Amino acid sequence: MRQRLRFTKQGKIRFLSHRDLARIWERTLRRAGVAVAYSEGFSPRPRLHFGLALSTGHESLGEYLDIDLAPDGALDPADLPALVNPHLPEGMTAQAVIPVEAGSDSLQQAVTSCGWEIEVVGAGAPAVAAAAQRALGASALPTTVERKGASVSIDARPAILALEVAPSPVPTPVPTPDGVAPLRPSTLLVAELATQPRSLRPAELVRALDPAWVEGRVLRTHQWTLVDGARCEPIPLSEGGARGATSIPHAGARAS
Amino acid sequence: MADVWARLEPHLASVQKPARYIGCELGAEVPAPAPHRVGWLLVYPDTYEVGLPNQGLQILYEILTERDDAVAERSYAPWTDLEDVLRREGIPLFSVDTHRSADEFDVLAFNLSAELVYTNVLNCIDLAGVPVRSAHRAPQHPLVGAGGHATYNPEPLADFLDFVVLGDGEEVVSEINEVLAAWKAGGRTSRLDVLRTLAGIEGVYVPSLYEATYLDDGRLAATTPVDPAAPARVEKRTIADLAEWPYPKRQLVPLTEVVHDRLNVEVFRGCTRGCRFCQAGMITRPVRERPAEQVREMVQQGLRRTGYDEVALTSLSTADFSGITDVVRSTMEEGEGCSNISVSLPSLRVDAFTVDVAAQIQKARRTGLTFAPEAGTWRMRQVINKLITEDDLHAAVSSAFSQGWKRVKLYFLVGLPTETDEDTLGIVELARRCVALAKEQGHNGSVTVSVGGFVPKAFTPFQWFGMNTEVELRRKVNLLRDAAKAAKGVQLKWHDPKASLIEGLVSRGDRRLGPVIEHVWRAGGTFQEWGEHFRLDLWQAAMDAHGLDVDWYCHRHRTEDEALPWDHLSAGLHKDFLWQDWRDALEQLGLEDCRWTPCYDCGACTGYGIEHVVASATPPAGGSQGTGQGLALGGVPVGLTPRRPAGVGA
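Numbers given to residues run from 1 along each chain, matching the order in which its sequence is written. The order in which chains are written sets their letters, starting at A; the order in which ligands are written sets their numbers, starting at 1. Reporting in this predicted model follows two pLDDT cut-offs: at least 70 for local features of residues, and 80 or more for side-chain atom pairs to be given and counted; totals over whole chains, interfaces and linings ignore these cut-offs and use all residues.

Time to look at the overall build of chain A. Strands are runs of DSSP state E lasting at least two residues, helices are runs of H or I lasting at least four, and both sets are numbered from the N terminus onward. Counting its regular elements, chain A contains five helices and eleven strands. Remark: C-beta atoms are placed from the backbone, and a residue is labelled buried if 20 or more other C-beta atoms sit within 10 Å of its own, exposed if 12 or fewer do, or partly exposed between those counts. Residue burial in chain A is summarised as follows: out of 256 residues, 35% are buried.

A general tendency of soluble globular proteins is for nonpolar side chains to be buried together. The biggest cluster of nonpolar side chains holds 249 residues, and the ones touching the most others in it are Leu205(A), Trp40(B), Leu108(B), Ile125(B), Val311(B), Ala431(B) and Val449(B). Residue contributions to this core peak at eight residues, all from helix H14 (residues 421-440) of chain B. Two residues form a contact once the distance between their C-beta atoms, set from the backbone, is within 7 Å. Apart from the residues lying within four places of it in its own chain, the contact partners of Val311(B) are Arg262(B), Leu263(B), Val265(B), Val299(B), Gly302(B), Leu303(B), Thr331(B), Ile341(B) and Val343(B). The term nonpolar core means buried Ala, Val, Leu, Ile, Met, Phe, Trp, Tyr and Cys residues held together as one set by C-beta atoms within 7 Å.

Each residue after the first adds 1.5 Å to the expected span of a helix. If you check helix H9 (residues 292-306) of chain B, its first and last C-alpha atoms are 21 Å apart, about what 15 residues at 1.5 Å a residue would give, namely 21 Å. One or two residues past the end of H9(B) sits Gly307(B), with phi positive at roughly 80 degrees.

Pairing between sheet strands relies on hydrogen bonds along the backbone, with the strands arranged either parallel or antiparallel. Residues and elements named next belong to chain B. In spatial order, the strands read S15-S16-S17-S18; together these four strands make up an open sheet with parallel pairing. Unpaired on one side and paired on the other, strand S15 (368-374) and strand S18 (490-494) mark the two borders of the sheet. Across the sheet, the mean angle from the axis of one strand to that of its neighbour is 25 degrees, orientation sign disregarded. Bridge count for strand S17 (residues 446-453) against S18 is five bridges, and the pairing is parallel. Residue valine 447 lies in a different strand from S18, and its bridge partner there is valine 490. By this definition, two strands are paired if DSSP reports at least two bridges between them. Fitted lines through C-alpha atoms serve as axes, helices being fitted only where they are in contact, and the angles separating the N-to-C directions of these axes extend from 0 to 180 degrees.

Once that is clear, we can look at the domain arrangement of chain B. All names here are of chain B. For the purposes of this description, domain bounds are those given by an automatic or database domain assignment. For chain B, the assigned domains read domain 1 (5-166 + 169-214) and domain 2 (242-508 + 564-631). Taken together, the contacts link 30 residues of domain 1 with 34 residues of domain 2. Here the element with the most residues in the side of domain 1 that touches domain 2 is helix H3 (residues 55-66); it accounts for five residues. Here the side of domain 1 that touches domain 2 is built from residues that sort into 17 nonpolar, five polar and eight charged. Residues were grouped as follows: Ala, Val, Leu, Ile, Met, Phe, Trp, Tyr, Cys and Pro as nonpolar; Asp, Glu, Lys and Arg as charged; and all remaining residues, including Gly, as polar.

That bond from Gln196(A) to Pro197(A) is cis: its omega, -5 degrees, falls within 30 degrees of zero. That bond from Arg285(B) to Pro286(B) is cis: its omega, -5 degrees, falls within 30 degrees of zero. Here Pro286(B) shows up in the loop between helix H8 (279-283) and strand S12 (288-289). With phi around 45 degrees, Lys17(B) is a residue other than glycine that occupies positive phi space. Owing to 19 C-beta atoms within 10 Å, Lys17(B) belongs among the partly exposed residues under this scheme.

Time to look at the sheet that holds strand S3 (residues 107-111) of chain B. Across the sheet, six strands lie side by side as S2-S1-S3-S4-S5-S6 (chain B); this open sheet has mixed pairing. Strand pairing shows two members of the sheet lacking a second neighbour, strand S2 (70-76) and strand S6 (204-205) of chain B, which therefore form its edges.

Encoded structure:
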C-alpha cells in the first residue's frame, strides 16, 4: 500500500544531502514504529521512493516521499504525519499524506516543473528584472553547464516557464571580518523551471542571466505535475484531497 | 555569546560535506551555559565523520551534560576547505551544538586515538584563538586537555597540553570538573594554581610540572617532577565495574553519514589475550564485562530510540564475551517480525565458533568476514602471542565459505620482531590455502589480505623493539605483491610504510618532538592520517631543522636500562613484566589468557586492587588461546605458572 508524504526541508538541515535524507527517513520510520515493506533478495531494504533530488543547501516547502507500507500493518495511513513528526529533525515536517494508486507514475515521472525562490547575489532588483525580461523575450538562451564533470552548452530558454523579481526583495547582509556588514546587492527571483524533458537548475538559471551573478539562498516552493493539462501539486496543502495538512509556513520566515 | 553561525552559514554552500558542521544530531542536548557551569568543548581532532562516533567522547559528553555544574559541546577538525574560509574570514573554531566560539569554553578537551592527528590538535587550538604552547597561555584562555589511548605517551605533545588524563574517563572527568568549577568561581586567576590542583587528581598528568633530562648520548635520563604538587608517577584510572556506567545512554545519531554509523554497545573493556603488539590490550586491563542483561537492555532500548537497524557489540574481542550466545539470540529475536536488525562483531576471533556466531546474526547481507591472524607463520604468531593455529584459521575460513560468505578479509602485520622472509611470505601462503579451501567447497571465494607495517607502542612488550625501516617494510610489501600475483584469488592491500614511519616516530618520541610537530603544523601538515595530505617531506625537514634523527627514534632497539619517555606514567603494568614478556617473545614462548588461568602479575589488577569481571568462570566455547584447546596442536611451550614472585614492582 503506497502512501505519498509531503514534507519540508528548512533551516540548518538544508545542508543535508539527498542520501542523508534517505537514511533519516529510514530511521525515522523505524523510530515511529511504522511498518514499511521491505524489498526481497539478498540485501532487503525498506521500500521508500524519493522524488526529485533537492540540491544540498537548498530549502524546500514541498518535498515528497512514497512509502510502501507493510501489507499487514494496522496503521491508519492518515496518522503518518503525526506519527513521524516527533522523530524528524528540526526543519523537517511532514505536512500531509495521500494514498497512491498502484501503477501510478513515480514522483520523478510525474513532476514536470518546480517553483523556486532564488536569491541572486551580486545584483540589484532593476538589473535582475531587466535580465529576466530579456531572457523571457529571447528565443534562445545559450549557457554552459556542468554535467557529469564536463562542460556542456545548452539552451536554457525552454526550461524557463516563469520568471519575475519578487516584489519585496530581502537583502542578505554579508558580514566582513571587521564587523561591518555592508549589504551586497541581492535580489529575490521567483521562477518556475521545467524538470522535463530536460531540467534547469537554479544556479544554472542565475548564470544564464549573468555569468557574474551567483545563487544565494534557494527555496523550492512547489513541485508541479500536469493532470489533464492542468498544473497541480502532487499533494496540494490548502485545497481538498490532502489529509492531515497543516498550514504552509511563510516563505519569508525561514528558520536558520 | 558569540554564535558564529550567521558568519559561517553563507560559506557552507561552497565547502565539501557541509552537513559536518551543522550539528542537529538526535541525542544532542541543548546546552545551557551559565557562570557556575564549566564549559567543556570536546574536540575530536579529525573530521566529523571519523570523530562523531567516538564512544569515549560521547560518554564524557553525557556524563558532563548530566551534571548541574557543567556544559558540554562538541567540535571536530574542520576540513581544509572550511579551514581556509575560517582563517580568511576570521571565524574561530566553533561547537557544532550551538556554533559557539571555541574560546568561550573553559576547557578544550581532545580525544587522542592516534598519533598522526597531533598536528590537527595544534591546528584546532590555534583556530580556537588560543596560543598553541601552554606556556604562552594566559588565565583567560581555555585549559587544553587530552585523553584517549595515545596519551600513554603524551610527551611529544607536552609543550601544548595543559593536562592529560590516563585511562578510563568516567570517574575522573567529574573530579576534574569540580576543580575547574572552583577555579571558575574564584575568577580563573592563576593557571598554575589550577594545574597544580589538577595534578593532585589520580590519573591526571600535568606535563609542565615535570622536566625531562637527557644523557650525553642523547638518550633520556629521566622525567621528574619539578613541583611538589606533581606525583613522581601518574597512575592510570580504571573503573572497576562497567555495569555502573551504562553509557552512552543516548548515543548520538548523526544526520549525515559517519563511520561506524550504527548503534554501538560496549560489551567489555580490557583484553588479556596478551597479543604483544597490541597497545589497546595492554593498557586497558583488566577485563571488565558488562552483565549480559544490561547489554540486552542497552541494545533493545538503543535500537528503539535511534532507529538504527544495526548494532555492533564492541570490545577488543567480542567472541570472548561470556554472554555472547545469549545476547546474540535475544537481539535477533528482538528484530524478528518488525524489521531486519543486523548485529556486527567488529573484532572477530579466528575460529569456527566465531563464524557460527556470525552466521547466527548475519542472516542477511552475508558479504564479507574479517579475521586478524596478524602473522603468516605459527612461529611468528608465537612471537607476538597471537596463538591461533593454522587449523583454527582453516576451520574458520571453511566454515565461513560453507555458510555462504563470499569474501574473507585477513589482517596482517609485517615488520614484527624476529620476522624472516619465510614468515612474511607465509602470509600469502596462508591466504592461498584459504582460497583453496573455498575451492574444495565448490566456491569461487576470494581472500583479501590487508597488510600494515608494525609500529611499536608504549606499554607493550615490543616497546623496546627497533621498528623496520621504511625501505625494509617496502621490500616486504613488494615480496608479498609478487607472491600475491602468482596466487589466484588473493588480493593484497597495504598501508603506506611512510605513514607507519612517522607514526613510529611520534609513538615513542619524547619532548624534543614538540617543536617538530609544531614545525610540521606551521608548514601546513594537517590531516596526516589522510593519505592525500600526508607529507613525509615536511616531517623530515622538521626533524633536520631541529637536529633530530628519525632513524635514532624509530629503528634503534632500546635496552633494559634505558629510561623511556613514559616511565613516569603507569598503565598498571610492571616494567619487568613487560621486559620478561619481550624476552619470552624472542624465545617464541606463548602466554595464555589470564582470565581463566593463573595470574602472571602484570600489575593491572593487583596494583589497583581490582579484578577481572567475567560473567562466566569457564572460557567461551571454541578458540585456542586461553582455552588450552588448540595449544597442543602447535606443540608450543607455554608458560603456565607465574614466572616471578608476585608483588615485584616495576
